[in-house]
Amino acid sequence: MSPLDLKKGSSKKSAYDLKTPFSDVDERHTLAVLVDNVDGVLARVIGLFSGRGYNIDSLTVAEVDHTGHRSRITVVTTGTPQVIVQIKHQLERMVVVHEVHDLTVEGPSVERELALVKVAGTGNERVEALRTAEIFRARVMDTTTESFVFELTGVPNKIDAFVDLMVPLGLVEVARTGVAAMARGLE
């Protein structure tokens, strides 16, 4: 492929970011935000999203530095490129925020989610649920004569696919942790 054959928005073979920041296409972005672990900080961050009408697809929060009293908030949101940039700038202006990283654009990253899936069934549905769980590498965490609780870890699409396959087999309940994400490499 010659450099002149690059399509707009393609940056795999170029040192330049050819994506226009004024696109109308919604994109899914994963933001990692390092904040002070103080009362009300989560409410302030969530308030930034809700007050401006931004949607949160996934949210996870945990203290990551006990001595420094810092927490990491991982937010998955969807918006146009200019909306994502606006969200990042507004987060960076908050006093309690130390770092904001858009893992979607900063390079390769790892995303995982944990789900507990309860399936009830007998006979063939029960056997098929176990077979499907084995294919997806889901572990049986609890079992009774009428149901299973499976634990599944993976990317959100994998969990969605597993849940979709469990619906006709007797899906009862799903609990998901939300996305945990981290940049690959040393930085």
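Residues numbered from 1 in each chain as written. Predicted model: local features only at pLDDT ≥ 70, side-chain atom pairs only at ≥ 80, totals over all residues. Heavy atoms only, no water.

1. Things to note about the pattern of salt bridges
Two side chains with opposite charge may pair up if their charged atoms get near one another. This is how it is decided: Whenever a carboxyl oxygen of Asp or Glu lies within 4 Å of a side-chain nitrogen of Lys or Arg, that contact is scored as a salt bridge. Strands here are runs of E lasting at least two residues and helices are runs of H or I lasting at least four, both read from the DSSP assignment and numbered beginning at the N terminus. Burial here depends on accessible area, computed with a 1.4 Å probe over protein chains only, as a share of the maximum for the residue type. Under 20% is buried, over 50% is exposed, and the range in between is partly exposed.
Here the structure, examined in full by the defined rule, presents 7 salt bridges. With its nearest N and O atoms 2.9 Å apart, the salt bridge here joins Arg-139 to Glu-151. Note that Arg-139 is positioned in strand S6 (residues 139–143) and Glu-151 in strand S7 (residues 147–154), a separation of 12 residues in sequence. On the accessibility criterion, Arg-139 (48% relative accessible area) is partly exposed.

2. Description of the packing of aromatic side chains
Where we set the bar: Working definition: rings of Phe, Tyr and Trp (its six-membered ring) pair if their centres are within 6.5 Å, and the pair is stacked with planes under 30 degrees apart, edge-to-face with planes over 60 apart, and tilted otherwise.
For the coordinates displayed, the defined rule picks out 4 aromatic pairs. Feature note: the residues Phe-136, Phe-148, Phe-150 and Phe-162 constitute an aromatic cluster, connected by ring pairs.

3. Let's talk about the side chain of Ser-58
The condition is simple: Contacts between residues were defined by any pair of non-hydrogen atoms, one from each residue, lying within 4.5 Å.
Along the chain, Ser-58 falls in strand S2 (residues 56–65). In contact with Ser-58, other than residues within four places in its own chain, are Thr-74, Val-75, Val-76, Gly-178 and Val-179.

4. Regarding the pairing of strand S1 (residues 27–36)
Where a strand is regular, its side chains alternate between the two sheet faces. Quick reminder of the rule: Note: two strands are recorded as paired if DSSP finds a minimum of 2 bridges between them.
Of all 10 residues making up S1, 7 are buried, and the element is well covered by its neighbours. Both S1 and strand S3 (residues 70–79) contribute to a ladder of 10 bridges, which runs antiparallel. Residue pairing across strands places Val-33 opposite Ile-73, the latter belonging to S3. Of the strand pairs in this sheet, S1 and strand S4 (residues 97–102) are connected by 5 bridges, and their pairing is antiparallel.

5. A short note on the nonpolar core
Soluble globular proteins tend to bury their nonpolar side chains together. For the record, the criterion: To form a nonpolar core, buried Ala, Val, Leu, Ile, Met, Phe, Trp, Tyr and Cys residues must be joined to one another through side-chain atoms within 4.5 Å.
Counting 16 residues, the largest nonpolar core has Val-33, Phe-49, Leu-91 and Val-97 as the members making the most contacts within it. Mapped by element, the contributors of at least two residues to this core are S1, helix H1 (41–51), S3, helix H2 (81–92) and S4. Considering each element in turn, this core owes the most residues, 4 residues, to H1. Setting aside chain neighbours within four positions, we find Val-33 in contact with Ser-71, Arg-72, Ile-73, Leu-91, Val-97, Glu-99 and Val-100.

6. A short note on the environment of Ala-161
Relative to the assigned elements, Ala-161 resides in helix H4 (residues 156–166). Along the primary structure Ala-161 and Phe-136 are separated by 25 residues, whereas in three dimensions their C-alpha atoms are 9.4 Å apart.

7. Regarding the environment of Gly-170
Position of Gly-170 relative to the elements: it lies in the loop between H4 and strand S8 (171–176). Separated by 52 residues in the primary sequence, Gly-170 and Lys-118 have C-alpha atoms spaced 8.5 Å apart. Among residues more than four places away in sequence, those in contact with Gly-170 are Lys-118, Val-119 and Ala-120.

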